[in-house]
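What follows is the residue order along each chain.
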Amino acid sequence: MTELPASIDRDILDHRIIFALKAIRETMGCTLHEAIDVFAVRYEELRRDCPDDFTVGPEEYGRGFYS
């Protein structure tokens, strides 16, 4: 997988889902569906490795976002 910029991690941690997806698409040149898959993998890694860095809990994270 292409190395993702640190700004994407910051967007994910700060609950800026749309910005993270846009940056993933620009970095990887992929479709929205592919970007969502990449996002999901990175989200799980970050949630596992640095759970205290998230601005919202896992139960609130995806609320209101429909893909």
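Everything below is about the structure printed above this text.
The residue count restarts for each chain, going from 1 along the sequence in the order it is written. Only residues with pLDDT of at least 70 are given local features in this predicted model, and only at 80 or more are side-chain atom pairs given and counted; all residues enter the totals for whole chains, interfaces and linings. The basis for every side-chain value is the complete set of heavy atoms in the structure, and neither hydrogens nor water enter the calculation.

Help me out: how do you make sense of the overall build of the protein chain in this one?
Only DSSP runs of H or I reaching four residues or more are called helices, and only runs of E reaching two or more are called strands; each is numbered from the N terminus. Helix and strand counts for the protein chain come out as 4 helices and 0 strands. Ordered by position in the sequence, the α and β elements of the protein chain form the string α-α-α-α. On C-alpha atoms alone, the protein chain measures out to a radius of gyration of 11 Å, which is about the 11 Å that the 2.2 N^0.38 rule sets for 67 residues. Partly exposed residues are those whose accessible area sits between 20% and 50% of the maximum for their type, while under 20% is buried and over 50% is exposed, using a 1.4 Å probe and protein chains only. Scored against the burial criterion, the 67 residues of the protein chain give a buried share of 34%. Of all intrachain contacts in the protein chain linking residues separated by at least 6 positions in sequence, the fraction that spans at least 24 positions is 48%. Here the Shrake-Rupley method, with its probe set to 1.4 Å, supplies the accessible areas, and only the displayed protein chains count as covering residues. Accessible surface, the protein chain: about 4,500 Å² in total, of which carbon and sulfur atoms supply 53%. Here the protein chain holds 8 positive side-chain charges and 14 negative ones, and the gap between their average locations is 4 Å. The globule rule used here is 2.2 Å times the number of residues to the 0.38 power, and the radius of gyration it is set against is calculated over C-alpha atoms. Contacts are assigned to residue pairs with any non-hydrogen atoms lying within 4.5 Å of each other. In this tally, Asp and Glu contribute negative charge and Lys and Arg positive charge; neither His nor the terminal groups of the chain are included. Every charge is mapped to an atom, namely NZ of Lys, CZ of Arg, CG of Asp or CD of Glu.

Before we go on, may I ask you to explain helix H2 (residues 17-28) in this structure?
Because an α-helix completes one turn every 3.6 residues, residues spaced three or four positions apart along the sequence face the same direction. In this analysis, the expected span of each helix is defined as 1.5 Å times one less than the number of residues it contains. Compared with the 16 Å implied by 1.5 Å per residue over 12 residues, the 16 Å span of H2 between its first and last C-alpha is a close match. Of all the residues in H2, the buried ones are Ile17, Ala20, Leu21, Ala23 and Ile24. Angular distribution of buried residues about the axis of H2 spans 165 degrees; they occupy a single face of the element. Opposite the packed face of H2, turned more than 90 degrees from it, sit the exposed residues Ile18, Phe19 and Glu26. Next to the buried residues of H2 lie helix H1 (6-13), helix H3 (32-49) and helix H4 (58-61). Just beyond H2, the residue with positive phi is Gly29, at close to 65 degrees. Directions pointing from the helix axis toward each C-beta atom define the arc.

Please clarify how the side chain of Asp9 should be interpreted in this entry.
Inspection of the secondary structure puts Asp9 in helix H1. Once residues within four sequence positions are removed from consideration, Asp9 is found in contact with Arg42 and Leu46.

What am I meant to see in the packing of H1 against H2 here?
Helix-helix packing is characterised by the crossing angle of the two axes and by the distance between the axes. Here an axis means a line fitted to C-alpha atoms, over the contact stretch when the element is a helix, while the angle between two N-to-C directions is reported on a 0 to 180 degree scale. Running from N to C, H1 and H2 point in directions that differ by 160 degrees, and their axes come no closer than 8 Å. Classified by the angle between their axes, H1 and H2 sit roughly antiparallel to one another. Crossing handedness for the pair H1 and H2: left-handed. Residues Ile8, Asp11 and Ile12 of H1 form the contact with H2, whose own contacting residues are Phe19, Ala20, Ala23, Ile24 and Thr27. The labels follow the angle: roughly parallel below 35 degrees, roughly antiparallel above 145, roughly perpendicular from 65 to 115, and oblique for the rest. It is the rotation of the near helix from the far one that decides the hand of a crossing: anticlockwise by less than a right angle makes it left-handed, clockwise makes it right-handed.

Is there a simple way to explain the pattern of salt bridges in this structure?
By salt bridge we mean one thing: a side-chain nitrogen of Lys or Arg within 4 Å of a carboxyl oxygen of Asp or Glu. Tallying each qualifying case throughout the model produces 7 salt bridges. Asp11 is paired through a salt bridge with Arg16; the nearest N and O atoms lie 2.8 Å apart. For Arg16, a relative accessible area of 31% gives the class partly exposed. We note a salt bridge from Lys22 to Glu26, for which the minimum N-O separation is 2.6 Å.

Function cannot be inferred from these measures alone, as they are strictly geometric.
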